[in-house]
Amino acid sequence: MGLKSLKKPPDGAPFVIIATMTLTLKEVEHIALLARLELTQEEKERYQQQLSDILDHVAQLQALDTSQIKTASVVQPPLARLREDEALHGLTTEQALKNAPSAEKDQFRVPPVLD
């Protein structure tokens with residue numbers, strides 16, 4: 001569902017996507033776990049402040065009146081010059097695996113995603 005399809009509340013107030021918030025250390029630890037990061041206590045405290053500041057800045061952006069800004073569905077100018085599509089030969093299996101840290105049976109070997 002796009003933002004354009006969201007209706008404003010009956011009082012006409014802007015739709016709030018992100019409210020001003022301060023992350024807790026527990027939330028920072030959860031984010032670090034999801035990102036598979038091992039953080040020191042000092043890093044957790046620093047990231048708590050930095051991530052909270054980022055969320056506060058995003059929340060401030062909601063105060064901007066963007067109703068007069070035309071929605072653009074294309075990021076390139078209408079007359080962008082693009083090269084012609086041309087079929088090229090791809091890499092051989094040997095070339096593709098040449099710099100792989102680990103390969104097995106002509107495939108990339110990666111660590112398991114799920115424990």
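Every chain's residues receive numbers from 1 upward, in the order its sequence appears when written. Given that this is a predicted model, residues contribute local features only at a pLDDT of at least 70 and side-chain atom pairs are listed and counted only at 80 or more, while totals for whole chains, interfaces and linings are drawn from all residues. The side-chain numbers reported here are obtained from all heavy atoms of the structure, hydrogens and water having been left aside.

1. Structural notes on helix 2 (residues 41-61)
The helix count covers DSSP runs of H or I at least four residues long, the strand count covers runs of E at least two residues long, and both are numbered beginning at the N terminus. A helix is expected to span 1.5 Å multiplied by its residue count minus one. Between its first and last C-alpha atoms helix 2 spans 31 Å; for 21 residues at 1.5 Å apiece the expected length is 30 Å, and the two agree. Exposure is judged per residue with a 1.4 Å probe applied to protein chains only, and the accessible area is read against the type maximum: over 50% gives exposed, under 20% gives buried, and values in between give partly exposed. Within helix 2, burial applies to Lys44, Gln48, Ser52, Asp56 and Ala59. End-on view of helix 2: buried residues confined to an arc of 105°, all on one side of the axis. Exposed side chains of helix 2 directed beyond 90 degrees from the buried face belong to Glu42, His57, Gln60 and Leu61. On its buried face, helix 2 is in contact with helix 1 (25-34). Directions from the helix axis toward the C-beta atoms define the arc. In what follows, residue pairs with any heavy atoms lying within 4.5 Å of each other are defined as contacts.

2. A word on the confidence of the model for the protein
Detailed reading of the predicted coordinates is not advisable wherever pLDDT is low. For the protein, per-residue confidence averages 82 on the pLDDT scale, and 79% of positions sit at 70 or higher. Confidence of the predictor at the level of single residues is given by pLDDT, which spans 0 to 100. Here strand 1 (residues 103-104) is the element of the protein with the lowest mean pLDDT, 91, and helix 1 is the one with the highest, 95. In the model, residues 1-6 has pLDDT below 50 throughout and makes 4 contacts with residues more than four positions away in sequence or in other chains.

3. Structural notes on unusual backbone geometry
Unlike most non-glycine residues, Lys105 shows phi in positive territory, near 55°. As for its position among the elements, Lys105 is in the loop between strand 1 and strand 2 (107-108). The residue Asp106 is not glycine, and still its phi comes out positive at about 60°. With respect to the helices and strands, Asp106 occurs in the loop between strand 1 and strand 2. Given a relative accessible area of 63%, Asp106 falls into the exposed group.

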